Amino acid sequence: MPATSGGRSAPAARSGRGRVLLPTLVVLAVLVGGFLLFASFYSDWLWFASLDKTSVFTTQLVTRIVLFLVFGLVLATAVGLNMWIAWRTRPVFRGLSPEQASLERYRIAIEPFRRVALIIVPLTFGLLTGMSAAAEWRTWLLWRNATPFGTTDPQFGMDIGFYTFTLPFIRFLLGFFFAVVVLSFLAAVVVHYLYGGLRLQAAGERATPAAQSHLSVLIGVFLLLKSVSYWVDRYELAVKNETLVQGFTGLKYADVNALLPAKNILTFIALLCAILFFVNAFWRTWALPLAGLGLMILSAILIGWLYPAVVQYFQVRPSELVRERDYIARNIDATRTAYGLDEVQVEDYAGNDKAPANVITQEAGTLRNIRLLDPAIVSPTFKQLQQIRGFYSFPEALDIDRYPTENGPRGTVVAVREINLDGVPEGQRNWTNDKTVYTHGFAMVAAADNTATSDGQPKFVESDIPPTGTLDITEPRIYFGEQSPPYSIVGAPEGSEPRELDFPDDTSPNGQRNNTYSGQGGVPVGSLLNKLVFATKFQDTNILLSDLVNPESRIMWERAPRDRVAEVAPWLTLDGDPYPATINGRIVWIIDGYTISNDYPYSSRTLLSDATGDSITARTSAVVAQPRDQINYMRNSVKATVDAYEGTVTLYAWDETDPVLKTWEKAFPDVVQPKSSIPETLMSHLRYPEDIFKVQREILSKYHVTDPEAFYSGQDFWIVPNDPTKRAANEAQPPYYLILQMPGLSKPSYSLTTTFAPSKRQTLASFMAVNSEPGPDYGTIRVLQLPRNTTIPGPSQVQNNFESNQAISSALTLLRGRGSDVVFGNLLSLPVGGGMLYVEPVYVQANGEQGYPLLRKVLAGYGATVAFEDTVDEALAKVFASSGTTPPTPTPNPTPSPSPTPNASGSPSPAPTGDAAAQLAAALADAQAAYTAGQAALAKGDFAAYGQAQDALGAALDRAAAAQRRLGVTPSPTPAGTPSPSLLPPATNPPTTGPTVGTPESPAPTPRPASA
C-alpha cells in the first residue's frame, strides 16, 4: 500500500485528523456556549446597572446559584453514596442460577463504565434537582427574611407569618428529602439486584444481610420523614380548600375533632415504624417492621380517612350549621382581613324611584362630573383626530386620570402618542429606520371626560404636535412605552447630524424635525465588547457592523413600563393597566404593585385571572390579563413609576404595614423607597388600582355577609353583573373611575365604583365605591345596600328598558341607518337623590375602516323614567322632572279661541284674530315666554314649574306649526343638538357644564328646541 509523504498511511492520517477535529469541535462548542451564557448574563447586568438596581440582579443570581449547588449536590451525593454502598456490599459469591447467569452478561457489559456511571447518574439527578430548587428562590427568601404578622390563627395559635413564610419552605424541604430518599432507594435496589444482593428467584434468602441493612435504613428514613410530614399536615389543614362553600379554606368540625387527632396518632405510628426499620438494620428480620408498616397503612385508611368521613356523615351532616358555625365565622373574619375588607362601611340605601325637587343643587358634585367619554371606545376617535401620522398610535383602550383646575379636579381621558413601526410607509422598513430613526413616540393627548364638542368630538385639553394645552409638558418624547419597538439605538456624538425622527414639522425643509437622544436611558453600546454582546443577544450582526453605532450610542430594550417594573421587582404582581401622567413637565408611567400569598390561614381563595377579568380585558390587549394563580391574601403595597424619557424605575412603599412587603424589603434592601418620598406632584395622580378592587368585589360578593347562619344559607350572596353594553361577551361589567359624591359626604372625590346584583338575578343589590383620592379617606370602601324586598332595576334591566322603549328604539334605528352604527358607551350607575341614576353615552360611528365613534346622544334613567336626549342636561332634566314632584296637568288647548290663553309666564297672550299670520306671531311669542319661564324654573330647581313650562312650550309650538300650515309653509323642525343651558348653577364648575352632543348629520327624533 503506498505511503503518504511523511511515511504515514492515508487511513492513519485521516484517523489522526479525526482525533484532532473532535476535541477542536468540542472546545469550540464550549467556547460558543460559554460566550452565549456570558452575553446573556452580562447584558442583563448592564440593564440593571443602567437603573442602579444591580443588587436585584445579584441577589437573584447568587440565591439561585446557591440553591442549585446546595440541593443539587446534596441529592447527587446521597444517590451516589447509596449506589457506592450497594456496590461495596455486593456478595462475593452469588451462586449459580439462571437469574444470575443472565445478570452476569449485564455486569460484564457495564463494568468498563461503572465508575463513569457512578458519577454521571447522581450528577444527572442532581442537575435536575438543582434546577428545580433554584426555581424556589422566592420561597427561600421569604423564609430567610420572614416578618411576623402580629396576629395568630385561632386553632394553633401560630403567627400568620408561619403559614405564609415558613410553612411553604418546610413543605419544599420535605418534598426534597422525600425525593432524596426515594431516588437513593431506587438506585440502591437496582445496584443490589444487579450485583446479586437482591434475588427474585432464590430458593432461600432473597436479600443478603448487607442489602437488608441498607434498604432498612432507607425505609426507616422515609418513614421518619413521613412522621414529620404527618405533624406538618396538622398546620396544612388551616390552609386547605374545603367544599362547605366554594372557595372555603381552613379547618372544619370534622377536621378539628377527627382528622387532627388522626394526624397526631399517625405521627407516632410512623415514628414507631421508622424505629422498627432502623432496628431491622441490625436485627435483620422483616416480620416486625413489615407488620408495623401494615399497621400504619391500615391506620391511615381507618383513622386518617374513614373515621373523619364517619364523623362528617353521622355527626356533622345532620346538623351542619350548628357544627360548622364557629368555623364559618373564622373563615369570614380571616377572608375579610386578608383582602382588606374588614373595615368596609355598609349602609342601607333607599333606592327611591322619585328624586327630590332640589336634587340638582344637592347632587351637583356628582352630576357636573358625569363621565361621557368612554375610554374603552374612543381610541379610534383619538387616532383619527390626533394620530397626526401613520407611524404613531394609541392603545386600544385609553386611560383615566384627573387634573386639578381652579374649580376642583377634572376627569380626563389620557393616552400617549407612541411610535408604531407597522405604520412606517411601505418600502421604508429597513434596519436603519426601524432601529435608529423611528425610535420614540411624542407627547400625550388628554380630553375632558364629562363633555364634548358640538359635533360629538372629544374636547381636548392637551393635543397636537408640538403639544399644546393645560398639562405643561416640557419633555414630550416617549422612549419607554407600552408599544415601543423591541430595541432601538439612540444617541450620537455632539455636533453630528440628528437622525431620530422627532415629529412632522412644516417649517423644516424636509418636513420633519429630527432629534438626538440626550438622556441617560438605555445602555452604552459603543465599545467593541458591548457591540459583540448585543449583536449576540439580539442575533443581529448590524449592531456589530453598522457605522451608525458610534461611541455615544445607547441601546434600549425591555421598554414596556410593566416589564421594567417586573424585572426590578420580580416579587410583585403588577396591575394589568399602567397609566400615564404628567409630573413636573415629564410624562411618567404609573404602575400599581401587589404583594400576594396563597397561604393565609382560613382565608378563602380566588383565581386571580377570573376575579380580574371583565369585558375590557376580554376584548383588548391594552390591559394585561393576570395569570391563573390562586391567592387568598392581597395588598396594594407598592406604587411604581417609569419615566417615559429615561426609563428610570422608582418604587415607593404604599402599604408600609404589610408584612409581605417588609419581608421583601429585607431581601432586597434599598430597592423600595419609603412612602414619605412620594412627591406631591405624583401623589395627586395616584389612585386606588383596578385589579385589587376587582378581587375585593369578587370576595365581597359573598363576604359582605358576616353572620355565619346567613353565610351558610347563601341566600344573600351577590354577583357582579355582566356588562349590559357587551351582551355577546358575557363578561363582567368593569369598574369605573368617577368623580362622585357619595351620600352623606360633603364633597365629591375621585372614586372607583361598581354594582352588585343578587345571585342569579339582574336586579340591583348594592352599589360599591372606594375613595381613590390620596388622603385620610383613601381606600375607604363604602357599600350602599338596597332593600332586599323590593325590585330595583340593575344595569342589565336598565339597558333593556332603554332599548325596548318605543321612542328610543325608533331613534336608534334612524341613527343606525345611512351607513352608520350605534355604539353604546359605559353604563354608569350613580347614587343620586336617594335613588339610582343611570347615564349612558351613545356614539354613532360610520361603517368601514375609517369610521370612528362620535358622541351623539345621552341615555338616562331614574326609577321608571328613561330619556334619550342630545345633551346630558336635557336627559337629566327629563328624568328628574318626571320622577320628582308631579306637576299639575295643564289645561289642553287644542284649538285657538278668541279668549286669552295664559302663557307660561302667567300673563295672557293676545287673542287670535283669525288671521293665520297673527296666530303664528302669538304662538311664537308664547313659545318664547314658555322657554324663558322654563329656564328660570331650572335655575331654581323647580321641576314642577319647569314641567308646566315645557307643556306650554309644546302647545305653543303645535299652534305655531298649525298656523304655518294654514299659511302654506311646511314647518321645519329645530335641528337636534340645539344647545340647552346647563342644569347646574353657572358658578359651580364652568369648564364642565352643559356638554353639547348634537347630531347634525343624523336624523333626530326630537322636534322641540331645548326639550327636556
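Residues numbered from 1 in each chain as written. Predicted model: local features only at pLDDT ≥ 70, side-chain atom pairs only at ≥ 80, totals over all residues. Heavy atoms only, no water.

**Some words on the overall build of the protein chain**
For step 1, the next point in the chain: Regarding its fold elements, the protein chain presents 28 helices and 33 strands.
For step 2, the next point in the chain: A burial count over the protein chain gives 53% of its 1012 residues as buried.
For step 3, the next point in the chain: Contacts in the protein chain between residues at least 24 apart in sequence constitute 70% of all its contacts with a sequence separation of at least 6.
For step 4, the next point in the chain: Summed over its atoms, the accessible surface of the protein chain is roughly 44100 Å², and 58% of this surface lies on carbon and sulfur atoms. (Helix = DSSP H or I, 4+ residues; strand = E, 2+ residues; numbered from the N terminus. Buried < 20%, exposed > 50% of the residue type's maximum accessible area, 1.4 Å probe, protein only. Contact = heavy atoms within 4.5 Å. Areas by Shrake-Rupley, 256 points an atom, 1.4 Å probe, with all protein chains shown as cover.)

**A word on unusual backbone geometry**
For step 1, the next point in the chain: Between Ile465 and the following residue, Pro466, the backbone shows a cis peptide bond with an omega angle of -10 degrees.
For step 2, the next point in the chain: Position of Pro466 relative to the elements: it lies in the loop between strand S8 (458-463) and strand S9 (468-469).
For step 3, the next point in the chain: A positive phi angle is found at Asp670, which is not glycine, with a value near 65 degrees.
For step 4, the next point in the chain: The phi dihedral of Lys760 is positive, around 65 degrees, even though this residue is not glycine.
For step 5, the next point in the chain: Accessibility expressed as a relative area gives 80% for Lys760, which makes it exposed.

**What to know about the pattern of salt bridges**
For step 1, the next point in the chain: Considering all chains together, one arrives at 23 salt bridges under this definition.
For step 2, the next point in the chain: Here Arg429 makes a salt bridge to Asp434, at a shortest N to O gap of 2.9 Å.
For step 3, the next point in the chain: The buried category is assigned to Asp434, whose relative accessible area is 11%.
For step 4, the next point in the chain: One connected set of salt bridges, linked through shared partners, spans Arg171, Glu236 and Asp599. (Salt bridge = Lys/Arg side-chain N within 4 Å of Asp/Glu carboxyl O.)

**Overview of the sheet that holds strand S3 (residues 399-405)**
For step 1, the next point in the chain: Spatially, five strands are ordered S3-S4-S7-S8-S9 in an open sheet, and the strand pairing comes out antiparallel. Looking at which strands have only one partner, the edges of the open sheet turn out to be S3 and S9.
For step 2, the next point in the chain: Summarising the sheet, strand S4 (residues 408-416) and strand S7 (residues 444-452) pair through five bridges and their orientation is antiparallel. Bridging across to S7, Val416 finds its partner in Met444.
For step 3, the next point in the chain: Against the sheet, helix H13 (residues 379-386) makes contact with S4, S7 and S8, and its axis sits at roughly 60 degrees relative to S8, the strand it touches most. (Pairing = 2+ DSSP bridges. Axes fitted to C-alpha atoms, helices over the stretch in contact; angles between N-to-C directions.)

**Observations regarding the pairing of S7**
For step 1, the next point in the chain: The buried count for S7 comes to nine of nine residues, which makes it a mostly enclosed element.
For step 2, the next point in the chain: Sheet topology note: the S7/S8 ladder contains three bridges and is antiparallel. Of the residues in S8, the one forming a bridge with Ala446 is Glu462.
For step 3, the next point in the chain: The hairpin formed by S7 and S8 contains five residues between the paired strands, and Gly456 there has a positive phi angle of roughly 85 degrees.

**Some details on the sheet that holds strand S15 (residues 554-557)**
For step 1, the next point in the chain: Taken together, the three strands give an open sheet; going across it, the order is S11-S15-S14, and neighbouring strands pair in antiparallel fashion. For this open sheet the edge positions go to strand S11 (487-490) and strand S14 (523-524), each flanked by a neighbour on one side alone.
For step 2, the next point in the chain: Relative to S15, S14 runs antiparallel, the two being bridged by two bridges. Each residue of the ladder has a partner; that of Pro524, found in S15, is Arg554.

**Focus on the environment of Thr335**
For step 1, the next point in the chain: Along the polypeptide, Thr335 turns up in helix H10 (residues 320-338).
For step 2, the next point in the chain: Sequence separation between Thr335 and Arg605 is 270 residues; the distance between their C-alpha atoms is 8.5 Å.
For step 3, the next point in the chain: With near-sequence residues (within four places) excluded, Thr335 lies in contact with Tyr602, Ser603, Ser604, Ile699 and Tyr703.
For step 4, the next point in the chain: One polar contact links the side chain of Thr335 to the main-chain carbonyl oxygen of Asn331, over a distance of 2.7 Å. (Polar contact = N/O pair within 3.5 Å; in protein donor to acceptor, adjacent residues only side chain to side chain.)

**Things to note about helix H9 (residues 287-316)**
For step 1, the next point in the chain: Here H9 is 30 residues long and its end C-alpha atoms lie 40 Å apart, about the 44 Å a rise of 1.5 Å per residue gives.
For step 2, the next point in the chain: Listing the buried residues of H9 in full gives Pro289, Gly292, Met296, Ser299, Pro308, Val311 and Val316. (Expected span 1.5 Å × (residues − 1).)

**Points about a nonpolar patch on the surface**
For step 1, the next point in the chain: A surface patch of nonpolar side chains, about 920 Å² in accessible area, is lined by Ile297, Leu298, Ile301, Leu302, Trp305, Leu306, Val310, Tyr313 and Phe314.
For step 2, the next point in the chain: With respect to the helices and strands, the residue Ile301 is situated in helix H9. (Patch = residues over 30% accessible without salt bridge, like charges linked within 9 Å, V, L, I, M, F, W, Y side chains within 5 Å.)

**Examining the confidence of the model for the protein chain**
For step 1, the next point in the chain: Scored by pLDDT, the protein chain has a mean of 86; 86% of the residues are at 70 or more.
For step 2, the next point in the chain: Here residues 885-914 scores under 50 on pLDDT; set against residues more than four positions off or in separate chains, the count is 32 contacts.
For step 3, the next point in the chain: Every residue in residues 970-1012 scores below 50 in pLDDT, and together they form 110 contacts with partners more than four places removed in sequence or on other chains. (pLDDT = per-residue confidence, 0-100.)

**Notes on the side chain of Glu418**
For step 1, the next point in the chain: Counting through the fold element by element, Glu418 comes out in strand S5 (residues 418-419).
For step 2, the next point in the chain: With no salt bridge to any partner, buried Glu418 finds its closest opposite charge in Arg559, at an N-O distance of 8.0 Å.
For step 3, the next point in the chain: Among the polar contacts listed, one links the side chain of Glu418 to the backbone nitrogen of Gln483, at a separation of 2.8 Å.
For step 4, the next point in the chain: When near neighbours in sequence (up to four residues on either side) are disregarded, Glu418 contacts Phe391, Tyr392, Ser393, Gly441, Ile478, Gly481, Glu482, Gln483, Ser484 and Trp589. (Lys, Arg positive; Asp, Glu negative; His and termini not counted.)

**Some points on the nonpolar core**
Burial of nonpolar side chains together is a common tendency in soluble globular proteins.
For step 1, the next point in the chain: In terms of nonpolar packing, the biggest core is built from 208 residues, with Ile370, Leu651, Leu837 and Phe880 touching the most fellow members.
For step 2, the next point in the chain: Looking at which element gives the most residues to this core, the answer is helix H6 (residues 160-194), with 15 residues.
For step 3, the next point in the chain: Discounting chain neighbours no more than four positions away, the residues touching Leu651 are Val565, Val568, Ala569, Val638, Lys639, Ala640, Val671, Val672 and Gln673.
For step 4, the next point in the chain: By size, the runner-up hydrophobic cluster in this structure holds twelve residues, among which are Val424, Val437, Leu501 and Phe503. (Core = buried A, V, L, I, M, F, W, Y, C linked by side-chain atoms within 4.5 Å.)

**Observations concerning the packing of H6 against helix H7 (residues 209-236)**
To describe two helices that pack against each other, one gives the angle between their axes and the distance between the axes.
For step 1, the next point in the chain: Look at H6 against H7: their axes get within 10 Å of each other, and the N-to-C directions meet at 160 degrees. In terms of their interaxial angle, H6 and H7 are classed as roughly antiparallel. Remark: the crossing between H6 and H7 carries left-handed chirality.
For step 2, the next point in the chain: In terms of residue class, the contact of H6 with H7 is built from 22 nonpolar, four polar and three charged. (Parallel < 35°, antiparallel > 145°, perpendicular 65-115°, else oblique. Left-handed = near helix turned anticlockwise from the far one by under 90°. Nonpolar A, V, L, I, M, F, W, Y, C, P; charged D, E, K, R; others polar.)

**Comments concerning the packing of aromatic side chains**
For step 1, the next point in the chain: One pass over the full model with this rule turns up 44 aromatic pairs.
For step 2, the next point in the chain: Where Trp140 meets Trp143, the ring centres are 5.4 Å apart and the plane angle is 50 degrees; that geometry is what we call tilted. A residue pair is termed a helical-turn pair when its members lie 3 or 4 positions apart in one helix, as Trp140 and Trp143 do in helix H5 (residues 137-144) at three residues.
For step 3, the next point in the chain: Among the residues examined, Trp140 registers a relative accessible area of 26% and is labelled partly exposed.
For step 4, the next point in the chain: Aromatic pair Phe382 and Phe394: ring centres 6.1 Å apart, planes at 90 degrees, arrangement edge-to-face. One end of the pair, Phe382, is in helix H13; the other, Phe394, is in the loop between strand S2 (392-393) and S3, with twelve residues separating them in the sequence. (Phe/Tyr/Trp six-rings, centres within 6.5 Å; stacked < 30°, edge-to-face > 60°.)

**Let's talk about helix H17 (residues 561-568)**
For step 1, the next point in the chain: Looking only at H17, the buried set comprises Pro561, Arg562, Arg564, Val565 and Val568. Here the buried residues of H17 occupy an arc of 160 degrees about the axis, which is enough to place them on one side. (Arc of directions from axis to C-beta.)

**Some remarks on the packing of H10 against helix H22 (residues 690-703)**
For step 1, the next point in the chain: As a packed pair, H10 and H22 sit with axes 11 Å apart at the nearest point and diverge in direction by 155 degrees. Overall, the two elements H10 and H22 adopt an arrangement that is roughly antiparallel. Crossing geometry of H10 relative to H22 is assigned as left-handed. Counting all contacts with H10, which are made through Asn331, Ile332, Thr335 and Arg336, the residues of H22 involved are Ile699, Leu700 and Tyr703.
For step 2, the next point in the chain: Residues belonging to the contact of H10 with H22 are distributed by class as follows: four nonpolar, two polar and one charged.

**A closer look at the pairing of strand S33 (residues 865-869)**
In the case of a regular strand, side chains alternate between the two sheet surfaces.
For step 1, the next point in the chain: With five of its five residues buried, S33 lies for the most part within the structure.
For step 2, the next point in the chain: Two strands pair when backbone bridges link them, and strand S32 (residues 854-862) and S33 are joined in this way by five bridges, in the antiparallel orientation. Bridging across to S33, Leu859 finds its partner in Phe868.
For step 3, the next point in the chain: The antiparallel hairpin formed by S32 and S33 contains two residues in its connecting segment, where Gly863 sits at a positive phi of about 65 degrees.

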